[in-house]
Each structure stands twice: as C-alpha cells, then as structure tokens.
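Residue-level listing of the chains:
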Amino acid sequence: QVQLVESGGGSVQAGGSLRLSCAASGPTFSSYAMGWFRQAPGKEREFVAAISRSGSNTAHGDSVKGRFVISRDNTKNTVYLQMNSLKPEDTAAYYCAARSTTLNPILFQRRNEYYYWGQGTQVTVSS
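Residues numbered from 1 in each chain as written. Predicted model: local features only at pLDDT ≥ 70, side-chain atom pairs only at ≥ 80, totals over all residues. Heavy atoms only, no water.

Draft legend 1. Fine view of the state of the cysteines. Scanning all chains against the criterion turns up 1 disulfide. What pairs with Cys 22 in a disulfide is Cys 96, and their sulfur atoms sit 2.1 Å apart. On the S-S bond that ties Cys 22 to Cys 96, the torsion sits near -80 degrees, and the link is left-handed. In this pair, Cys 22 is assigned in strand 3 (residues 18-24) and Cys 96 in strand 9 (residues 92-100), connecting sequence segments 74 residues apart. Looking at Cys 22, the relative accessible area reads 0%, which means it is buried. (Disulfide = S-S within 2.5 Å. Helix = DSSP H or I, 4+ residues; strand = E, 2+ residues; numbered from the N terminus. Buried < 20%, exposed > 50% of the residue type's maximum accessible area, 1.4 Å probe, protein only.)

Draft legend 2. How the structure looks around the nonpolar core. Met 34, Trp 36, Val 79, Leu 81, Met 83 and Tyr 94 are the most contacted members of the largest nonpolar core, which has 28 residues in total. Of all the secondary-structure elements, those providing two or more residues to this core are strand 3, strand 4 (32-39), strand 5 (46-51), strand 7 (68-73), strand 8 (78-83), strand 9 and strand 11 (121-126). Tyr 94 has contacts with Glu 6, Leu 20, Trp 36, Phe 37, Arg 38, Val 48, Phe 68, Leu 81, Met 83, Gly 120, Thr 121 and Val 123, leaving out every residue within four places of it along the chain. Membership of the second largest hydrophobic core comes to 9 residues, among which are Ala 33, Phe 47, Ala 97 and Tyr 114. (Core = buried A, V, L, I, M, F, W, Y, C linked by side-chain atoms within 4.5 Å. Contact = heavy atoms within 4.5 Å.)

Draft legend 3. Main features of the sheet that holds strand 8. With antiparallel pairing, 4 strands are arranged side by side in an open sheet as 1-3-8-7. Strands with a single pairing partner mark the edges of an open sheet, and in this sheet they are strand 1 (4-7) and strand 7. Averaged over all neighbouring strand pairs, the angle between strand axes comes to 15 degrees, with direction disregarded. Where strand 7 and strand 8 come together, 6 bridges link them in antiparallel fashion. Within strand 8, the residue paired with Asp 73 across the bridge is Thr 78. (Pairing = 2+ DSSP bridges. Axes fitted to C-alpha atoms, helices over the stretch in contact; angles between N-to-C directions.)

Draft legend 4. Geometry of the side chain of Arg 38. Looking at the element boundaries, Arg 38 is found in strand 4. Classification of Arg 38 as buried rests on a relative accessible area of 5%. A distance of 3.3 Å separates the side chain of Arg 38 from the side chain of Ser 63, its partner in a polar contact. A polar atom in the side chain of Arg 38 sits 3.0 Å from the side chain of Tyr 94. Not counting residues within four places of it along the chain, the set of residues in contact with Arg 38 comprises Glu 44, Arg 45, Glu 46, Val 48, Ser 63, Val 64, Phe 68, Glu 89, Asp 90, Ala 92, Ala 93 and Tyr 94. (Polar contact = N/O pair within 3.5 Å; in protein donor to acceptor, adjacent residues only side chain to side chain.)

This is how it looks when you write it as structure tokens:
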C-alpha cells in the first residue's frame, strides 16, 4: 500500500505558476502509474494529467493542455505537476492518485481506475 502527500498549493494571480508535488511512501514507487485530478466546489472530480511508471508516457486533460506538465522522479518517489498560465477556472483542490501496474507505458485517465489517493492541496487563482 502506498501513501500519498501533496504539497505546493497556494494562492496565485491569473497568469502565474505553481508546482505541485506528491510524495509517495514505500520502496516500489516505480511500479505505480500516477495521476492528478482536481475538484472545484459543487463539481465532479476532473482528470488533469497522468504518467506511466517510467515517465515515458504522459497525458493531459483538454482544459490544461499546453499549460500544465506532469513529470516524476522515481529516485525521489515524487510526481510533479507544473502549472503555468493559471486561470481562475483552475481554482480547485488538486489530488494525487496512484495505481500499481505491471505494464509500462500504460497510464490511466479515469478516476475509478486509481486505488490510492492523497488528501489534496488547494490551488486558488485570482483574477
């Protein structure tokens, strides 16, 4: 079982940048495909980005393509989400998710495909 802890959230003005981090416990981080999701008040949890076990394959949601980039460092058991050109509509709680898999470069984009979740970190973008 893996435990996930997100950090890096905060308040920023529109057009600014933030980098979220998700630190995972355990020695087998490289066996997990990882993802980022977000949830705004009153809305469903939305796919943001996903990355395969090795980091060789990534996917980003349509609303963040060209602005956000997911990456990982398996030596540090950490996955990142670099967020640039932030907009007020990016305001949400951001969640890190993990799912063990024997396959690479598979990744997962559906919320119900992930087994483990962090507690979330809040991102607020003001206009």
